[in-house]
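Residues per chain are reported as follows:
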Amino acid sequence: MASLQPDLASTLEEIREVRRIGLVRLRGRPLPHLESAAAVAATGARTPGAAVEALLRRAVSLLDEGTLRTTAEYTLGLAQGTRDWPASSRRARAASVYGVSVERFRKDHEVMVLGQVAEHVVRLATAPAEPEAEEGASPGGEGERSAVTHRTVRVLVGGRQVVLTVHMHPVDLLRDVDVVVSPINVHLALPEAYKSSVAASLRRAATVWGVTGDVIDDPVHDGLREWAARHSTSGRAVLPGTVVATGSGALTAQGVRRIHHAAIAVPRAGTNDYDVLPAHVTTAVSRTFAVLAEESGKTVPPLRSVCFPLLGSGRGGLPYHVSLGAVWAAVEAELARGADWDVHFVVRTPQAAGLVARIASRIRP
């Protein structure tokens, strides 16, 4: 096919068509501008439909993290489990991210979101670039690149080799990990589901939604309230480092069985900011393993795997390397004593993934 010059209006119109028909019906659909852009951007896919999907995923990954990227993923069916949803259900879920009605979203937010995706598609088609090797990638012929979303890292701990799994994607895309750790403030107050934090993403993914976007069940919120009532802490702060386990709601369909909420953020009086101390992160991670051990003996099959984000590196303000150091201190201590947990990390940037990968180079026999 002859290469078409990038055209924002035509590209946007074809993206709207993708939103309408969904990813599962791309095969055989004429989308000449998107197919041409995909060819220039070298997505590596072999069929036109797969190439268009890969191009859209790359364009969406360039959007700002938070509501904009999350909404684009739901709108286009790129979010885990939504590719076969009807357009009306995807639109309703996207509207819930912004906390607006479906009609308002259609007229305002959706126009803005798809316009941003179209702009990135045009940029990729006019100035394509090969993905750079991910920081910390191992040398060799199969060098990992920043587009890689999963990798394993082998680390020598306590005289034995253990394998860590690193995921580079939104936390709500995790699959088949028994326990996911979520940061929370010491008042156990959850952010609204349309926010962009790890806690908000997990709350949103765990919620059971109706096809019109209404909330049928909010199990994370309810689980935290039940725990607070049971421990007589309602209305009071818990100690930093406290870990509260709740169910995972709709995430059970993805193989996520429990969410452990790590209370590490201490609200700063008179502001919307939080303070997070690395020592509290380490305490919370240690406590996570203790709660994991308690729960594992009561479940069938036993809980085996646990996934950590870089706790405190969001609004808590900790640099990636400081957060990782605090998390790793407790992980290493747990593994060094012979614990056989399957440990995962979930991050959003190549820089953070590279830091986790370099753990291996810092650990020596």
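Residues numbered from 1 in each chain as written. Predicted model: local features only at pLDDT ≥ 70, side-chain atom pairs only at ≥ 80, totals over all residues. Heavy atoms only, no water.

A.B. asks: Where do I start with the pattern of salt bridges in this structure?
C.D. replies: Proximity of charged atoms lets side chains of opposite charge pair with each other. Counting across every chain of the model gives 18 salt bridges. Measuring nitrogen to oxygen at the nearest pair gives 3.7 Å for the salt bridge that ties Glu110 to Arg19. A residue pair is termed long-range when its members are at least 10 positions apart, and Glu110 in helix α6 (residues 102-126) and Arg19 in helix α1 (residues 8-21) qualify at 91 residues. On the accessibility criterion, Glu110 (7% relative accessible area) is buried. Since its relative accessible area comes to 10%, Arg19 is described here as buried. (Salt bridge = Lys/Arg side-chain N within 4 Å of Asp/Glu carboxyl O. Helix = DSSP H or I, 4+ residues; strand = E, 2+ residues; numbered from the N terminus. Buried < 20%, exposed > 50% of the residue type's maximum accessible area, 1.4 Å probe, protein only.)

A.B. asks: Mind showing me how you'd approach the environment of Glu332 here?
C.D. replies: In this structure, Glu332 sits in helix α10 (residues 320-336). Classification of Glu332 as partly exposed rests on a relative accessible area of 29%. Remark: the alpha-carbon pair of Glu332 and Leu156, spanning 176 residues in sequence, is separated by 9.7 Å.

A.B. asks: Just checking my understanding: could you explain the packing of helix α9 (residues 278-296) against α10 for this structure?
C.D. replies: Helix packing geometry: the angle between the two helix axes and the distance between the axes. Packing of α9 against α10 leaves a shortest axis separation of 8 Å and a crossing angle of 35°. Between α9 and α10 the crossing geometry is right-handed. Listed contacts from α10 to Pro278, Val281, Thr282, Val285, Ser286 and Phe289 of α9 are Val322, Ala326, Val327, Ala329, Ala330, Val331 and Glu334. In terms of residue class, the contact of α9 with α10 is built from 10 nonpolar, two polar and one charged. (Axes fitted to C-alpha atoms, helices over the stretch in contact; angles between N-to-C directions. Left-handed = near helix turned anticlockwise from the far one by under 90°. Contact = heavy atoms within 4.5 Å. Nonpolar A, V, L, I, M, F, W, Y, C, P; charged D, E, K, R; others polar.)

Interpretation in functional terms is not warranted from these geometric data alone.
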